[in-house]
Amino acid sequence: MNFVLDKIGKLATLKGAVQKKGRNINYEDLSIINDACLVVGGGPGKKSKILWAGARSELPSTFKKFKKISAQGRMVLPGFVDSHTHLIFAGDRSNEFEMRLAGRTYQEIARLGGGITNSVKATRDLSAAELYKVALRRVESFLNQGVTTIEVKSGYGLSFESEKKCLEVSAKLKKSRATILSTFLGAHAVAEEFKGRKSQYIREISQNWLPKFHNLCDFVDIFLDEGYFNQEDARALFQSAQKLGIPTKIHADELVLTGGTEIAVEFSSLSADHLLKISDKEVNLLASHEVTATLLPITAFFLKTKYAPARKLLDQGARVALASDFNPGTSPCQDISLVGTLSALEMGMRIEEIVVGLSLNGAYALGLQKTKGALIEGYDSDFFVVDGENPAKLFYEFGSGRPPVKVFSSGEWLDESYATRMNLMEKK
Ligand code: NIG
Ligand code: FE
């Protein structure tokens, strides 16, 4: 489908942010064009790209014959990239929420046999078809909010068959209208079957499972933290990933400072995520390396812990991405606006840093910075149209559940016919 999205009041292209590789972002780096238009080319079957973005008065004559769709003076932003979710899980953990309200900590609940293990039981019990249904509903909820690229982790299977089931559900989600990236997180916790044999479990997943999952995952991740895995485990897993040419990501220094950030730098991981407990040393490491620092403020909010040192990271020049961490234990929330609101109010981030954190820098965390997270020529045409003129409005109206007016993803507008089609697909 070729068309011109015309009469855009404010078009945030993020061209400046692209030039600065997502670091040291100022408001000007949103590169907002007033009274703009966006030319989209391609469509179903053919990759839809931005052919041109600029002021209406400068639209090249070659595009003047394209069909025009009016944005009616609204604002247009790049589709958001949620670079860290665990959206494939069954059941819920509201009982653990109550335990926490009664004074138990997240780690205590895990030691009592709850936590990740709890969700693993429910996920193993659910059929692939049912799991796909719940996961697709979650993808649609993100899409409706303008999140057009979503990373999806496994990690609630923890047996070869169940991890395979989760990765296959992810593979099926790739047929949805969101761009889905799939991460193997077999190293989320030690599986029951390997209780007391952590090293053996790591060896098993690194040497036996990973080569077989090679075509099912885009990334490999590990939960390196107290009570879970350590640096030695991460090295064993990441060495196998490197041999297979699979890029790595890491849950780093979330509960306790345990060296995850160091491992991310050692292995040139795409991102180090969480970082709630990092010190100045890790801040400097991230500022001076390519690894993207991914912050997940809903998790800090929900765990009632100190937020990640966002201001320090940003002021030192680190590239900071923001994501939901949507999962049943520490962030049972899919509201992408809340990620921004907490980033502003609790981490002192500026609106422009939040917009870039949720788009271009999320793309960096997935190695997609050349095609996602900005609206410049050659980039994928993923974007959303919202009321108003001020990007701050997106995070000011937090929790309002008000979706963008329109979302364009993978070559088509998201609309009712799309939802209907997906429902039809579900029944098959
Ligand atoms: O990102 N840290 C590891 N994984 C999740 C929590 C998993 C769970 O509690 O189910 C997180 O916080
Ligand atoms: Fe996580």
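Residues numbered from 1 in each chain as written. Chains lettered and ligands numbered in written order. Predicted model: local features only at pLDDT ≥ 70, side-chain atom pairs only at ≥ 80, totals over all residues. Heavy atoms only, no water.

Chemist: Is there a simple way to explain the coordination of the iron ion (ligand 2) in this structure?
Modeler: Ideal values for angles at a metal depend on the geometry: 109.5 degrees with four tetrahedral donors, 90 or 180 degrees with six octahedral donors. Every protein donor of the iron ion (ligand 2) is listed here as His84 (NE2), His86 (NE2), His251 (NE2) and Asp325 (OD), and their distances to the metal cover 2.1 to 2.3 Å. The sequence pattern formed by the donor residues of the iron ion (ligand 2) is H-x1-H-x164-H-x73-D. One exposure class covers both histidine 84 and histidine 86, and it is buried. (Donors = N, O, S within 2.8 Å, 3.2 Å for Na, K, Ca; no water. Buried < 20%, exposed > 50% of the residue type's maximum accessible area, 1.4 Å probe, protein only.)

Chemist: Could you clarify how one ought to interpret the site of ligand 1 in this entry?
Modeler: In the vicinity of ligand 1, 15 residues are found, and the nearest of them are Arg93, Tyr106, Tyr156, Glu254 and Thr330. Between ligand 1 and histidine 251, the relevant distance is 3.2 Å, taken from an oxygen atom to a side-chain nitrogen or oxygen of the residue. Between ligand 1 and the protein, one listed contact pairs an oxygen atom with a side-chain N or O atom of aspartate 325 at 2.8 Å. Relative to its free-state accessible area of 320 Å², ligand 1 is covered by the protein chains to the extent of 100%. (Near = heavy atom within 4 Å. Polar contact = N/O pair within 3.5 Å; in protein donor to acceptor, adjacent residues only side chain to side chain. Areas by Shrake-Rupley, 256 points an atom, 1.4 Å probe, with all protein chains shown as cover.)

Chemist: Where do I start with empty space enclosed by the protein in this structure?
Modeler: Over the atoms, a rolled probe matching the size of one water molecule traces out where space is still vacant. Applying the stated criterion across every chain yields a total of two cavities of 30 Å³ or more. Considered as a void within the structure, the largest cavity measures approximately 100 Å³ in volume. As for the largest cavity, its lining consists of 14 residues, of which Tyr106, His188, Glu254, Asn327 and Thr330 are closest to the centre. Within this model, the second largest cavity holds a volume of roughly 40 Å³. Around the second largest cavity sit Gly79, Phe80, Val81, Thr148, Thr149, Thr371, Lys372, Gly373, Ala374, Asp380 and Asp382, which together line it. Those elements that provide at least two residues to the lining of the second largest cavity are β6 (80-82) and β7 (147-153). (1 Å grid on protein atoms, 1.4 Å probe; cavity = no way out; pocket = protein on both sides within 12 Å on 5 of 7 lines; lining within 4 Å. Points joined across faces, edges and corners; volume = space filled by probe spheres on them. Helix = DSSP H or I, 4+ residues; strand = E, 2+ residues; numbered from the N terminus.)

Chemist: Teacher, can you tell me more about the sheet that holds strand β13 (residues 320-322) here?
Modeler: The strands making up a sheet associate through backbone hydrogen bonding, with each pair oriented either parallel or antiparallel. The strand order β6-β7-β8-β9-β10-β11-β12-β13 describes an open sheet built from eight strands, whose pairing is parallel. Looking at the sheet topology across the chains shown, the edges are occupied by β6 and β13. Strand-to-strand twist of the sheet, defined as the mean angle between neighbouring strand axes without regard to direction, takes the value 25 degrees. Pairing between strand β10 (residues 249-252) and strand β11 (residues 271-274): four bridges, direction parallel. Across the sheet, residue alanine 252 finds its bridge partner in β11, namely histidine 274. (Pairing = 2+ DSSP bridges. Axes fitted to C-alpha atoms, helices over the stretch in contact; angles between N-to-C directions.)

Chemist: What should I look at first to understand the nonpolar core in this one?
Modeler: A general trend in soluble globular proteins is that nonpolar side chains are found buried together. Counting residues in hydrophobic clusters, the biggest one holds 107 residues, and the most contacted among them are Leu87, Leu173 and Leu313. Of the residues forming this core, the biggest block, seven residues, is contributed by helix α5 (residues 128-144). Both of domain 1 (3-78 + 375-427) and domain 2 (81-364) provide at least three residues apiece to this core. Once residues within four sequence positions are removed from consideration, leucine 87 is found in contact with Ala135, Arg138, Val139, Phe142, Ile150, Val152, Leu173 and Phe326. Grouped together as the second largest cluster of nonpolar side chains are 16 residues, Leu11, Ala36, Val385 and Phe408 included. (Core = buried A, V, L, I, M, F, W, Y, C linked by side-chain atoms within 4.5 Å. Domains from an automatic or database assignment. Contact = heavy atoms within 4.5 Å.)

Chemist: Where do I start with the environment of valine 356 in this structure?
Modeler: Here valine 356 lies in helix α14 (residues 351-357). The exposure class of valine 356 is buried, given its relative accessible area of 1%. Taking the C-alpha atoms as reference, valine 356 lies 7.3 Å from alanine 17; in sequence the two are 339 residues apart. Setting aside residues up to four positions removed in sequence, valine 356 forms contacts with Leu14, Ala17, Gly22, Ile25, Leu30, Asn361 and Gly362.

Chemist: Could you clarify how one ought to interpret the packing of aromatic side chains in this entry?
Modeler: All told, the structure shown has 19 aromatic pairs when counted by the stated rule. Residues phenylalanine 238 and phenylalanine 267 carry aromatic rings whose centres are separated by 5.5 Å and whose planes lie at 80 degrees to one another, so their mutual orientation is edge-to-face. With a gap of 29 residues between them, phenylalanine 238 in helix α8 (residues 231-244) and phenylalanine 267 in the loop between α9 (260-266) and β11 connect regions that are remote in the sequence. Owing to a relative accessible area of 0%, phenylalanine 238 belongs among the buried residues under this scheme. Using a relative accessible area of 8% as the deciding quantity, one classes phenylalanine 267 as buried. What links up through ring pairs into an aromatic cluster is the set Phe160, Phe184, Phe194, Tyr201, Trp209 and Phe213. Just above the ring of phenylalanine 302 sits the side chain of arginine 100; from NZ or CZ to the centre is 4.9 Å. Positioned over the ring face of tyrosine 132 is lysine 172, at 4.0 Å from the centre of the ring. (Phe/Tyr/Trp six-rings, centres within 6.5 Å; stacked < 30°, edge-to-face > 60°. Lys NZ or Arg CZ within 6 Å of the ring centre and 35° of its normal.)

On their own, these measurements won't tell you what the molecule is for.
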